[in-house]
Amino acid sequence: MKIGILTYHHVINDGAVLQTIGHLNTLKELFPEAQVEVIDYRYKTVEYRELLDVFKVILKLKKGTLVKLKKYLRFKKFVADNLTLSKDKLVTDSLNKAVVFINNQNYDFIIVYRDWE
């Protein structure tokens, strides 16, 4: 059995990522024989905006710039180290491409949620 979790796992939001880790680990406990993973689908606009925000902070060289940059880099590393992501990744704003991508992953079940606005 293959279970995919579709959520905002990549945003710079501690709560969203911790909730995703909780769901992932709970499903792995409940279904130890299943392959459980987070579907690595990301909105291109969100990826671009977060990266742009980091660059804006760097260019302004305000107090706390290095702290924000370090947090961004640590956060991305934490996600990569603690989430079981799908082998394939898609970054797009196209809903049609996302549907095709997800359907091609051959999941038996997909759990969809989000916890932030």
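These numbers were taken from a predicted model, which means no experiment stands behind them.

With 97% of its residues at a pLDDT of 70 or more, the chain shows a mean pLDDT of 86. Per-element confidence in the chain ranges from a low mean pLDDT of 77 for helix H2 (residues 44–60) to a high of 95 for strand E1 (residues 2–6).

It is worth spelling out the pattern of salt bridges at this point. By the definition in use, this model includes three salt bridges. Between glutamate 37 and lysine 2 there is a salt bridge whose closest N-O contact spans 4.0 Å. Residue glutamate 37 is found in strand E2 (residues 35–42), and its partner lysine 2 is found in strand E1; the two are separated by 35 residues along the sequence. Across the pair, lysine 2 and glutamate 37 agree in class, each one buried. Its salt-bridge partner being lysine 77, residue aspartate 81 comes within 2.6 Å of it at the nearest N-O pair. Of this pair, aspartate 81 and lysine 77 both sit in helix H3 (residues 65–82), four residues apart, which is roughly one turn of the helix. As far as burial versus exposure is concerned, aspartate 81 and lysine 77 are alike and both exposed.

Rules behind the numbers
- Residues numbered from 1 in each chain as written.
- Predicted model: local features only at pLDDT ≥ 70, side-chain atom pairs only at ≥ 80, totals over all residues.
- Heavy atoms only, no water.
- pLDDT = per-residue confidence, 0-100.
- Helix = DSSP H or I, 4+ residues; strand = E, 2+ residues; numbered from the N terminus.
- Salt bridge = Lys/Arg side-chain N within 4 Å of Asp/Glu carboxyl O.
- Buried < 20%, exposed > 50% of the residue type's maximum accessible area, 1.4 Å probe, protein only.

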